[in-house]
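Each chain is listed here by its residues.
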Amino acid sequence: MIKSYNTVWDNCLRTIRRNVNTQSFKTWFEPIKPVGLDNNALTIQVPNKFFYEWLEEHYVSLLKKTIRQELGDKGRLEYQILMVSNRNGAAAASIPSTRAAVSSSTTGKPVKEVGLPGGIDTEHIKNPFVIPGIKKLKIDPQLNPSYTFDNFIEGDCNRLARSAGHAVAKNPGGTAFNPLVIFGDVGLGKTHLAQAIGNEVITNGTNKTVLYVSSEKFTNQIIESIKNNAVNDFVNFYQLVDVLIVDDIQFLANKVKTQEIFFHIFNQLHQNGKQIILTSDRPPKDLDGMEERLISRFKWGLSADLSTPELETRMAILESKMIREGLDIPYDVTEFICYNIKNNIRELEGVLISLVAQSMLNRREIDIDLAKEVIKNFVSQMSKEITVEFIQKLVAEHFNVPVDKLKGQTRKRSIVIARQLSMYLAKNLTNKSLKSIGENFGGRDHSTVIYSCKAVQDLLDTDMIFKDTVTDLEKKIKMSLNEK
Ligand code: ADP
Ligand code: MG
């Protein structure tokens, strides 16, 4: 009996649902439409290229497993990528219109084949140590070429790490930054930057051998080599590398044997002037479960952190992403996203893509309302109310006065204005009573609040600059997620 693609995909979804959390399922799998089944190849339609890359990066083994379960060992997956219109008609001319593509699935292209038998095997590293003695072994660097310096946006949050990375890429092993340890929270660009260095070394054409490996893979290789009695080959293999990038070394914690072998490899490479680049989710000194002698080695070079990007950098990152993906999203919506997703760039990109997907699927305009719905999937404690405290904080920041002073008795002009404006905004943007607003300002009574609102209104009617300030502040406050 021949199964229809709908049935096949429905079955896949059932498995997938059991293997990913609800949020990921909603974000990444619900928007997928099965569109064809031919010669063991199931074709699924995804909203855009980034969506496809995301699936490939994060879910390739799950997809592979499920497809094989449904279609047998010859099962393959093909993607059909829908395209998005570019409102300005500028860049990305090859991209047909969203609406057209939605209504006529045949316009969706290109079709891309991935990850499954016959395709590119993204998972598998060839057992690297079967060729002992061969010095000029061609090693696949295991890099993702799309992680470059060009698209790694610079900001205060990453300036040191980025420029150190650049220096290292220009002169691997020849700077004081050896090892270069890039550390920071999840989703802030460690992998991107580390890989950009690797890619840059290769682009520079110095014939250096670069190898990127995750700590997880490194550990597995070691386990494998121990099993096969091939630890020496393993260590020898790593000696062939000129630039070694080990990602997420916090995962080496408490792995005694792995650390021992890594220590050995590290020393030999370092002694031979080879470059080592490490990433970690915390500074070396805080790596619990890591041998002291390793930690002290990590401190030899430079540890540079990636911190959370400021608003402007988030905007720049999102805009650059949009240009590359040929997406076009109204400015106020990007701004809204960036206001609300602060701590994780991967999430920022996730919201963007999910937004585009939702708009196509539901044929809805991309606007702030839709963005709110999408962001809810990403931000755990949403429905943050606008509170009087929040307003006080923003206003105080804006006027550069301490929050306490808003509640105090100071009659200084700048503080009085900040205080009155906070009351005015609290009255307009929250549903607190005048009485309770007054209480938030050091126990003032409701008539004071009324008086303040009137004073602000008078200023608004006469002072254009003040009016602009208030509009900005209002926007800023509203921009913070405020469901009811
Ligand atoms: P980490 O390894 O720290 O968890 P990643 O390197 O995977 O984070 O980055 C998460 C996402 O954010 C990636 O898609 C990456 O390209 C993007 N990203 C991070 N920092 C920047 C930046 N400065 N400019 C552009 N994109 C960035
Ligand atoms: Mg990473």
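> Let's hear about the packing of helix α8 (residues 231-239) against helix α9 (residues 256-271): which residues, and what values?
Orientation of α8 relative to α9, taken along the N-to-C sense of each, is 35 degrees, at an axis distance of 10 Å. Once α8 is placed against α9, the crossing between them reads as right-handed. Facing α8, whose interface residues are V231, F234, V235, Y238 and Q239, α9 presents I261, H264, I265, Q268 and L269. The residue inventory of the contact of α8 with α9, partitioned by class, reads seven nonpolar, three polar and no charged.

> Tell me about the site of ligand 1, and name the residues and values.
Around ligand 1, a shell composed of 17 residues is seen, among which G187, T191, H192, R346 and E349 lie nearest. K190 is positioned with one of its side-chain polar atoms (N or O) 2.8 Å from an oxygen atom of ligand 1. With respect to ligand 1, the side chain of R346 contributes an N or O atom lying 2.6 Å from an oxygen atom. At the level of secondary structure, the elements contributing two or more residues to the shell around ligand 1 comprise α6 (190-203) and α13 (345-361). Its residues assigned to classes, the shell around ligand 1 shows seven nonpolar, six polar and four charged.

> Report on the nonpolar core, specifying residues and quantitative values.
Counting 52 residues, the largest nonpolar core has F29 and L55 as the members making the most contacts within it. A domain split of this core shows at least three residues from each of domain 1 (5-115) and domain 3 (311-375). Here L55 is in contact with W28, F29, I32, V46, V60, L63 and Y79, once residues within four sequence places are set aside. Formed by 29 residues, the second largest nonpolar core is a distinct cluster that contains V235, Y238, I249 and F266.

> Outline the packing of helix α19 (residues 446-462) against helix α20 (residues 464-479), supporting the account with residue identities and numerical values.
Contact pair α19 / α20: the axes reach a minimum separation of 6 Å and the direction vectors enclose 115 degrees. Here the hand of the crossing between α19 and α20 comes out left-handed. Residues V456, L459, L460 and T462 of α19 touch α20, and the partners they reach there are M464, F466, K467 and V470. When its residues are assigned to classes, the contact of α19 with α20 shows six nonpolar, one polar and one charged.

> Break down the packing of aromatic side chains for me, citing the residues and quoting the values.
On inspection of all chains with the given rule, the structure shows eleven aromatic pairs. On the basis of an interplanar angle of 70 degrees and a centroid distance of 4.9 Å, the ring pair of F29 and Y59 is categorised as edge-to-face. In this pair, F29 sits in helix α2 (residues 22-29) while Y59 sits in helix α3 (residues 49-71), placing the two residues 30 residues apart along the sequence. Exposure class is identical for F29 and Y59. Each is buried. Ring geometry for F218 versus F234: centroids 5.5 Å apart, planes at 55 degrees, classification tilted.

> Describe the sheet that holds strand β7 (residues 243-247), naming the residues involved and giving the relevant values.
Strand order in the open sheet made by the five strands is β6-β7-β8-β5-β9, with parallel pairing throughout. Bordering the open sheet on either side are β6 (210-214) and β9 (302-306), each of which pairs with just one other strand. Adjacent strand axes in the sheet meet at a mean angle of 15 degrees, parallel and antiparallel pairs treated alike. Here strand β5 (residues 180-184) runs beside β9; their pairing, made up of five bridges, is parallel. Opposite V181, over in β9, you have S303 as the bridge partner. Those strands touched by helix α7 (residues 215-227) are β6 and β7, and its axis lies near 90 degrees from that of β6.

> Residue-level account of the pairing of β6, with values.
For β6, the tally of buried residues reaches four of five residues, placing the bulk of the element in the interior. Note: β6 against β7, five bridges, orientation parallel. For Y212, the partnering residue across the bridge sits in β7 and is I245.

> Describe the pattern of salt bridges, naming the residues involved and giving the relevant values.
In this structure the tally under the stated criterion is 17 salt bridges. Among the ionic pairs, E224 bridges to K227, the shortest N-O distance being 3.3 Å. One end of the pair is E224 and the other is K227, both in helix α7 and three residues apart, which spans about a single turn. The class for K227 is exposed, based on a relative accessible area of 62%. Here E397 and K393 are joined by a salt bridge, their closest N and O atoms 3.6 Å apart. Of this pair, E397 and K393 both sit in helix α15 (residues 388-399), four residues apart, which is roughly one turn of the helix. The exposure class of K393 is partly exposed, given its relative accessible area of 41%.

Thresholds, definitions, all that
- Residues numbered from 1 in each chain as written.
- Chains lettered and ligands numbered in written order.
- Predicted model: local features only at pLDDT ≥ 70, side-chain atom pairs only at ≥ 80, totals over all residues.
- Heavy atoms only, no water.
- Axes fitted to C-alpha atoms, helices over the stretch in contact; angles between N-to-C directions.
- Helix = DSSP H or I, 4+ residues; strand = E, 2+ residues; numbered from the N terminus.
- Left-handed = near helix turned anticlockwise from the far one by under 90°.
- Contact = heavy atoms within 4.5 Å.
- Nonpolar A, V, L, I, M, F, W, Y, C, P; charged D, E, K, R; others polar.
- Near = heavy atom within 4 Å.
- Polar contact = N/O pair within 3.5 Å; in protein donor to acceptor, adjacent residues only side chain to side chain.
- Core = buried A, V, L, I, M, F, W, Y, C linked by side-chain atoms within 4.5 Å.
- Buried < 20%, exposed > 50% of the residue type's maximum accessible area, 1.4 Å probe, protein only.
- Domains from an automatic or database assignment.
- Phe/Tyr/Trp six-rings, centres within 6.5 Å; stacked < 30°, edge-to-face > 60°.
- Pairing = 2+ DSSP bridges.
- Salt bridge = Lys/Arg side-chain N within 4 Å of Asp/Glu carboxyl O.

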